[in-house]
Amino acid sequence: VAWCVGTCASCFATEVQFGHAGAQARGDTETAAAKNKAMKEAGFHVPDSFDKLPEMISEVYANLVKDGTIVETPEAETPNVPMDYTWAKKLGMVRKP
């Protein structure tokens, strides 16, 4: 499941900078919409809008479980973690460094 962020850039009248590296689309093939289209054509699961991303993740996951690609296993029980270091040390629950 994939989504290229920045699809809202086309809503602005001027160029908008997205991303930590200051990336700007320099032409139609570099836009987020073009990248999402290319990923979809390459076989990625790409939702039609960002709002539908959680639904698609859930759907793809459910299908992978259904066909046996993913086998769910119960999570291990979370061990009790003492709240106080001194108390844990007295009980022998903490090893010497």
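Let me sum up the structure you'll find in this document. Note that the coordinates shown come from a computational prediction; the quantities given were computed from them, not determined experimentally.

What counts, and where the lines are drawn
Residues numbered from 1 in each chain as written. Predicted model: local features only at pLDDT ≥ 70, side-chain atom pairs only at ≥ 80, totals over all residues. Heavy atoms only, no water. Helix = DSSP H or I, 4+ residues; strand = E, 2+ residues; numbered from the N terminus. Expected span 1.5 Å × (residues − 1). Buried < 20%, exposed > 50% of the residue type's maximum accessible area, 1.4 Å probe, protein only. Arc of directions from axis to C-beta. Phe/Tyr/Trp six-rings, centres within 6.5 Å; stacked < 30°, edge-to-face > 60°. Patch = residues over 30% accessible without salt bridge, like charges linked within 9 Å, V, L, I, M, F, W, Y side chains within 5 Å. Areas by Shrake-Rupley, 256 points an atom, 1.4 Å probe, with all protein chains shown as cover. Salt bridge = Lys/Arg side-chain N within 4 Å of Asp/Glu carboxyl O.

## A word on helix α2 (residues 53–66)
When the terminal C-alpha atoms of α2 are compared, their 20 Å separation across 14 residues agrees well with the 20 Å that a helix rising 1.5 Å per residue should span. Looking one or two places after α2, you find Gly68, whose phi comes out positive at around 90°.

## Comments concerning helix α1 (residues 32–41)
Those residues of α1 that sit buried are Ala32, Asn36 and Met39. For α1, the angular spread of buried residues about the axis comes to 65°, placing them on one side. Opposite the buried face of α1, by more than 90 degrees, sit the exposed residues Lys37 and Glu41. After α1 finishes, the residue Gly43 shows a positive phi value of roughly 105°.

## Looking at the packing of aromatic side chains
Applying the stated criterion to the full structure yields 1 aromatic pair. Seen in terms of ring centroids, Trp3 and Phe50 are 6.4 Å apart; in terms of plane orientation they differ by 50°. Their pairing is tilted. Remark: Phe50 occurs in the loop between α1 and α2 and Trp3 occurs in the segment before α1; sequence separation between them is 47 residues.

## So, a nonpolar patch on the surface
The grouping of Tyr85, Trp87, Leu91, Met93 and Val94 at the surface amounts to a nonpolar patch, some 530 Å² of accessible area in total. In this fold, Met93 is placed in the segment after α3 (85–90). Judged by its relative accessible area of 48%, Met93 is partly exposed.

## A few points about the pattern of salt bridges
It is possible for side chains of opposite charge to pair when their charged atoms get near one another. For the structure shown, the criterion picks out 2 salt bridges. A salt bridge links Glu41 to Lys37; its shortest N-O distance comes to 2.9 Å. A residue pair is termed a helical-turn pair when its members lie 3 or 4 positions apart in one helix, as Glu41 and Lys37 do in helix α1 at 4 residues. Each member of the pair, Glu41 as well as Lys37, carries the same accessibility label: exposed. Residue Lys40 pairs with Asp48 through a salt bridge whose shortest N-O separation is 2.9 Å. Looking at Asp48, the relative accessible area reads 64%, which means it is exposed.

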